[in-house]
Amino acid sequence: MARRDPKSLRAALPGIVQILQRFSPQIGKQKALLIVSFVALMAEIFLHLLEPWPLKFIFDYILVPGFRSQSLGIPLLAGLSPFALLTALTLGLVAIALLRATAAYFSVVGMALAASNVLTEIRADLYSHLQSLSLSFHHKAKSGDLITRVTSDIERLREVTVMAVLPLIAHSLTLVGMIGVMFWLHWELALIAAAVFPLFIFFTMRLTRRIRQVVRSQRQREGAMAATAAESIGAIKVVQALSLQGMLEHTFSGHNRQSLKESAKAQKLAAGLERLVELLVGLATALVLWRGVQLVLGQVITPGDLLVFVNYLRIAFKPMRQLAKYTGQIAKATASGERILDVLDTVPDIRDSRGAMDAPSLQGGVRFENVSFAYESTTRILHNVSFEVQPGQHVALVGPSGGGKSTLVSLLLRLYDPLEGRILVDGHDLREYKLQSLRQQISVVLQESILFAASVKDNIAYGCLGASDQAIEQAARLANAHDFIMALPEGYDTILGERGATLSGGQRQRISIARAAIRQAAMSTTGFAYAILDEPTTGLDNENEHAVNEALNRLTQECTTFLVSHNLRTVEQADLILYIEGGQILEQGTHKELLCLGGRYAAMYALQSAIGKNSREDDAYAIEA
Ligand code: ADP
C-alpha cells in the first residue's frame, strides 16, 4: 500500500492534488453550492481589501490635512465639510464590516455544506467498496483499522476541510489581492515587504514535510491500536481464559506511548513554525516602517498610505500564520485522505469478469476439473482436485483437520478463484456468472452462525429482504426454531446480542437455517443451486444436533448439498463421500464402497465407531452408578 514519491511536488503539496482528483466526481455534484460560496468569498475578499481605506482618508483629509496633496478622488465626498466627511467615512466603515460579515457567512456556510455533502458521499462509497472487497483482502486487513478509516479518517477529512482548508483558501486569495494593491500604492515599499516571503516559503516547506511524516506514522499507530483493541475485545472470552490481558495491555500501551511521543513532536514542530512566522511578520513590519516613514517625510506617500501598507502587511501575513497553524491539521487530513484512497484503490480480486452473465435458475450439477488453489502464492492448499456431482446429490467432505475441506467449499461460493483448473456449475465456469446472481442461489450454513444485533425476525428476514411475517414464521417452523422463538421474552421481536449471545449454539444454528430457508422459498423455480453446510452441528449436544439435522434435511431435501463433517455417522447416507487429506481427494465413493475399499475412510470410521461405543457404554455406566 505504499504510495507517492516524497520528492515530487504532489508529495510536497501534501497529496492534496491527488485526493482532489480522485474525488472530483463527488465534488462536481456540489457545483452550484460551490459557485455561490465562491462568489460570496470574492465579495468578502474585496470588502476586506477595502477595510483600511476609510481610515486612510480620515488620516489624510481630516487628521493631517497638511499632507493633502491631491483631491480625495471620490466625487461624492469631494465637497463635504470635515465633520460630514468623518461621519460619512465612519458610516462607510460600518457598512463595509456589515457587508463583509454577510458575505463571509454565506461563503463559510456554503463551503462547509458542500464539504459535508462530498464527504458523506465518499463515506458511503468507501463502505460499499469495503463490503465488495474479497475475503483475501479482509483476512489481511485489521478490522479495527478499517473501521477507523470509515469513521474517524473521514470525519477528520471533513473537519479539516471546513476548519482549515477553506479559510486558508480565502486567506490566500486575500493575500494575492493585498500584494496587488501594495504594488499599486508603491512598488518599492511593496518589494521590501515581499522580501520576507522566500524565507517564509523555505521554512514552511521544510517544517511542513517533517510534520507530515510524524503525523502519518502517528495515524498508522492509531490504526494499530484500534486493531489491537478490537481484536482483544472481540475475543475477550479467550483473552480472559488464557490470561492474556497483561500481554495485550503491554502491546497496547507500547503503541499508546509511541503515539503520545509522536503527537508531542508534531505539536512542537507546528508551534515552532507558528512562532517563526510571527518573527517574520515583525521583521517585515520593521523594514516597511523604516523605509515608509522616510517616504512620508519626503512627501512621496501620505501617512494614510503608510497606514494602509502596515495594515495590509499585518492582514496579509494572517494567511501565513493560518498556514502555520493549520499545517499539522492539513497534514493529518492528507494522511487520512491517503488512507481512504488506499482502500478505494484496492481492486477486488473476485469480481464480475467482462461479459459475465446473470446465472439462470441453476440445477446444481457441479464439476471440479483439476482444481488447484493457494491462499499465498507459496503454499498450495488444494492439488488437482477433480470430481463430479449430479443435480440433487448429497456430497460429504470428510478427512482430518486442515485437509482443505473448508477451502474447497469457499471456492464453490467463489470467495476465491482457483489458481489452476476450473469449477463448472451446470456446464459453465463459475466465473462466467455474475457474482451476485450466483451467490444468491447458494445456501450456506456454517459452524459458527453469525447473527446480527437485530430482532430475531430481522435476522431471519436478512435471507430475503422484505419477507412477510407469515413467510418468516414458516421458515422458522421448517428450521425447528418456531417453538423456542415463541418462548423468548418478546418472541420474534426479541433483540439478539452482538453475536447472538443470548441463544445457545443450536438455537443460533436453527435461526441461520431459517434464514437460508426463507431465501429458498423466495427463489422462483428450483430453489437453490446447491447448499453448503460446513460442520453445522459441531459442538452441539445430542438433542440440538438432532433438531438441527432434521431442519437441515428438510432444507436440503431436493438440492445438491455439500456437507463438511467430522462425524461420519452423519455422512453414511451421502450419495458421494470425498475423503480429503493434504489438499487431495484420496478416496471417493459411497459409504459402502469406501468401507469395502478398506482405506483411510474405513479406518476413520472404525475408530469413530469404537470411540462412540465406548462413550455410550460410559454413559450407561454413569446412569447405573
Ligand atoms: P479443513 O476445513 O479441512 O479443516 P481448511 O480448508 O480450513 O481445512 O484449511 C486448509 C489449509 O489452508 C490449512 O493448512 C489452513 O491453515 C490453510 N488456510 C485456511 N484458511 C486460510 C487463509 N485464509 N489464509 C491462509 N491459509 C489458510
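Before reading further, recall that the structure is shown in the block above.
Residues numbered from 1 in each chain as written. Predicted model: local features only at pLDDT ≥ 70, side-chain atom pairs only at ≥ 80, totals over all residues. Heavy atoms only, no water.

**Q** When you look at the sheet that holds strand 1 (residues 366-373) in this model, what are you seeing that I'm missing?
**A** Strand pairs in the sheet, formed through backbone hydrogen bonds, run parallel or antiparallel to each other. Taken together, 4 strands build an open sheet; the order of strands is 2-1-4-5 and the sheet is antiparallel. Only two strands of the sheet have a single neighbouring strand rather than two, namely strand 2 (382-389) and strand 5 (428-429). As paired strands, strand 1 and strand 2 are joined by 5 bridges and run antiparallel to one another. Across the sheet, the residue bridging to F368 is F387, located in strand 2. Running at roughly 120 degrees to strand 1, helix 16 (residues 405-412) makes contact with strand 1, strand 2 and strand 4 (420-425) of the sheet. (Pairing = 2+ DSSP bridges. Helix = DSSP H or I, 4+ residues; strand = E, 2+ residues; numbered from the N terminus. Contact = heavy atoms within 4.5 Å. Axes fitted to C-alpha atoms, helices over the stretch in contact; angles between N-to-C directions.)

**Q** Whenever I open this one, the nonpolar core confuses me. Can you help?
**A** For soluble globular proteins, the rule of thumb is that nonpolar side chains tend to be buried together. By size, the foremost hydrophobic cluster in this structure holds 41 residues, and its most contacted members are I460 and Y601. Of all elements in the fold, only strand 3 (394-398), helix 18 (456-461), helix 19 (469-478), helix 20 (482-486), helix 21 (505-522), helix 22 (542-555), strand 9 (576-581) and helix 24 (600-624) reach the threshold of two or more residues within this core. When residues in this core are grouped by element, the largest group, 6 residues, is from helix 21. Shared between two domains, this core takes at least three residues from each, and those domains are domain 2 (366-441 + 531-590) and domain 3 (446-528). When sequence neighbours within four positions are dropped, the list of residues in contact with Y601 reads V398, L568, V571, I577, Y579, E587, H591, L594 and L595. (Core = buried A, V, L, I, M, F, W, Y, C linked by side-chain atoms within 4.5 Å. Buried < 20%, exposed > 50% of the residue type's maximum accessible area, 1.4 Å probe, protein only. Domains from an automatic or database assignment.)

**Q** Is there a simple way to explain the packing of aromatic side chains in this structure?
**A** Any pair of aromatic rings gets described here by the distance separating the centres and the angle formed by the planes. Going through the model one piece at a time under the given rule, you end up with 12 aromatic pairs. A ring pair is formed by W53 and W184, whose centres lie 6.3 Å apart and whose planes are at 40 degrees; its orientation type is tilted. Taken together, the positions of W53 in helix 5 (residues 53-63) and W184 in helix 9 (residues 143-185) put the pair 131 residues apart, joining distant regions of the chain. Accessibility expressed as a relative area gives 16% for W53, which makes it buried. A relative accessible area of 66% places W184 in the exposed class. (Phe/Tyr/Trp six-rings, centres within 6.5 Å; stacked < 30°, edge-to-face > 60°.)

**Q** In this structure, what is going on with the pattern of salt bridges? I would like to understand it.
**A** Proximity of charged atoms lets side chains of opposite charge pair with each other. Under the criterion given, the structure shown has 26 salt bridges. Note that D145 is salt-bridged to R149, the shortest N-O span being 2.9 Å. In this pair, D145 and R149 both sit in helix 9, 4 residues apart, roughly one turn of the helix. Of the two residues, D145 and R149, both sit in the buried class. A salt bridge links D153 to R339; its shortest N-O distance comes to 2.7 Å. (Salt bridge = Lys/Arg side-chain N within 4 Å of Asp/Glu carboxyl O.)

**Q** For this particular structure, what's the right way to read the site of the ligand?
**A** By nearness alone, every residue bordering the ligand is listed as H139, Y375, I381, P400, S401, G402, G403, G404, K405, S406 and T407. Within the side chain of S406, a nitrogen or oxygen atom sits 2.8 Å from an oxygen atom of the ligand. Sort the elements by how many residues they give to the shell around the ligand and helix 16 lands first, with 3 residues. Classifying every residue of the shell around the ligand gives 3 nonpolar, 7 polar and 1 charged. (Near = heavy atom within 4 Å. Polar contact = N/O pair within 3.5 Å; in protein donor to acceptor, adjacent residues only side chain to side chain. Nonpolar A, V, L, I, M, F, W, Y, C, P; charged D, E, K, R; others polar.)

**Q** How do you make sense of unusual backbone geometry when you look at a structure like this?
**A** One non-glycine residue with positive phi stands out, namely Q299, at about 60 degrees. Residue classification places Q299 among the exposed residues on the basis of a relative accessible area of 55%. Not every positive phi belongs to a glycine, and N370 is a case in point at roughly 45 degrees. You can see N370 is positioned in strand 1.

**Q** What is the right way to look at the environment of Q30 in this model?
**A** Looking at the element boundaries, Q30 is found in the loop between helix 3 (24-28) and helix 4 (31-50). Judged by relative accessible area, Q30 falls into the buried class, the value being 12%. C-alpha separation for the pair Q30 and N117, spaced 87 residues apart in sequence, amounts to 7.7 Å. Ignoring sequence-local partners within four residues, the contact set of Q30 consists of A114, N117 and V118. Here N117 takes part through its side chain, which lies 3.1 Å from a polar atom of the side chain of Q30.

**Q** It is not clear to me how the sheet that holds strand 10 (residues 584-589) should be interpreted in this structure. Could you clarify?
**A** With mixed pairing, 6 strands are arranged side by side in an open sheet as 6-7-8-3-9-10. Unpaired on one side and paired on the other, strand 6 (442-445) and strand 10 mark the two borders of the sheet. Each adjacent strand pair in this sheet contributes to an overall mean axis angle of 15 degrees, direction not counted. Sheet topology note: the strand 7 (residues 530-534)/strand 8 (residues 560-564) ladder contains 5 bridges and is parallel. Bridge pairing links I532 to F562 in strand 8.

Take it as geometry only, folks, not as evidence of what the structure does.
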